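Descriptive analysis of the structure
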Amino acid sequence: MSMHIVDPQPYPAGSHAMSRKKKSPEPLSERVRQSLDEYFDQLDSTEPNELYQLVIAQTEQPLFERVMRYTGGNQTRAATVLGISRATLRKKLALYNID
């Protein structure tokens, strides 16, 4: 089953981008596929190791950074957007040293 999550507010309030006609965002999964294809192309003949851990490590920190920016630092709202508890959010923010 494929899940498509849409950001309900893709632009900050007051952004000039709001005046442009909104188009449906590309599914995040497609961006991940493109990035992985590029990664595999760059490997040439080298076999990747521990790819799952690499992907998690490379995506989790920017995810938390951008969600905190999107929510203006509101941890309650960020936890809701992420679908995790505030306690888990706080642990991840401390892990990545995100204010």
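Criteria and thresholds
- Per chain, residue numbering runs from 1 following the sequence as it is written.
- Confidence filtering applies because this is a predicted model: local features only for residues at pLDDT of at least 70, side-chain atom pairs given and counted only at 80 or more, and all residues used for totals across whole chains, interfaces and linings.
- As a convention, hydrogens and water are excluded, and side-chain values are obtained from all of the structure's heavy atoms.
- In what follows, salt bridge is the name for a side-chain nitrogen of Lys or Arg lying within 4 Å of a carboxyl oxygen of Asp or Glu.
- Helix numbering and strand numbering both begin at the N terminus, where a helix is a DSSP run of H or I of at least 4 residues and a strand a DSSP run of E of at least 2.
- For every residue, the accessible area obtained with a 1.4 Å probe (protein chains only) is divided by the maximum for its type, and the residue is called buried under 20%, exposed over 50%, and partly exposed between those limits.
- Every residue gets a pLDDT, meaning the predictor's confidence in that residue, from 0 to 100.
- We call two residues in contact whenever any of their non-hydrogen atoms come within 4.5 Å of each other.
- Note on geometry: axes are C-alpha line fits, over the in-contact stretch for helices, and angles between N-to-C directions span 0 to 180 degrees.
- Small angles under 35 degrees read as roughly parallel and large ones over 145 as roughly antiparallel, with 65 to 115 read as roughly perpendicular and the rest as oblique.
- Handedness of a crossing is defined here by the sense of rotation of the near helix relative to the far one, left-handed for an anticlockwise turn of less than a right angle and right-handed for a clockwise turn.
- Each residue gets one of three labels, nonpolar for Ala, Val, Leu, Ile, Met, Phe, Trp, Tyr, Cys and Pro, charged for Asp, Glu, Lys and Arg, and polar for the others, Gly among them.
- For the purposes of these results, a polar contact is taken to be a pair of N or O atoms within 3.5 Å, where, inside protein, one atom must be able to donate a hydrogen and its partner to accept one; residues adjacent in sequence count only when each atom of the pair is a side-chain atom.

1. Here's the deal with the pattern of salt bridges
Following the criterion strictly, the structure yields four salt bridges and no others. Residue K92 pairs with E60 through a salt bridge whose shortest N-O separation is 3.1 Å. Placement of the pair is K92 in helix α4 (residues 86–95) and E60 in helix α2 (residues 51–70), with a sequence separation of 32 residues. Assessed through its relative accessible area of 24%, K92 is described here as partly exposed.

2. Topic: unusual backbone geometry
Positive phi, close to 60°, is recorded for D44, a residue that is not glycine. Looking at where D44 falls in the secondary structure, it is placed in the loop between α1 (28–43) and α2. You will see that E50, though not glycine, has its phi angle at about 50°, which is positive. Looking at the element boundaries, E50 is found in the loop between α1 and α2. You can call E50 exposed: its relative accessible area is 65%.

3. Section: the confidence of the model for the chain
For the chain, the mean per-residue pLDDT works out to 85, and 80% of the residues sit at or above 70. Confidence drops under a pLDDT of 50 for residues 1–9, and excluding neighbours within four residues, the segment shows seven contacts in the predicted structure.

4. Comments concerning the packing of α2 against α4
At a closest axis distance of 10 Å, the pairing of α2 and α4 adopts a crossing angle of 115°. Accordingly, the angle class assigned to the pair α2 and α4 is roughly perpendicular. Along this stretch, α2 crosses α4, giving a crossing that reads as left-handed. Here E60, F64 and M68 of α2 lie close against α4, whose contacting residues are L89, K92 and L93. When its residues are assigned to classes, the contact of α2 with α4 shows four nonpolar, no polar and two charged.

5. Description of the environment of E60
Judged by relative accessible area, which is 17%, E60 ranks as buried. Residues in contact with E60, not counting those within four places in the same chain, are K92 and Y96. Within the structure, E60 has its side chain in polar contact with the side chain of K92 (distance 3.1 Å).

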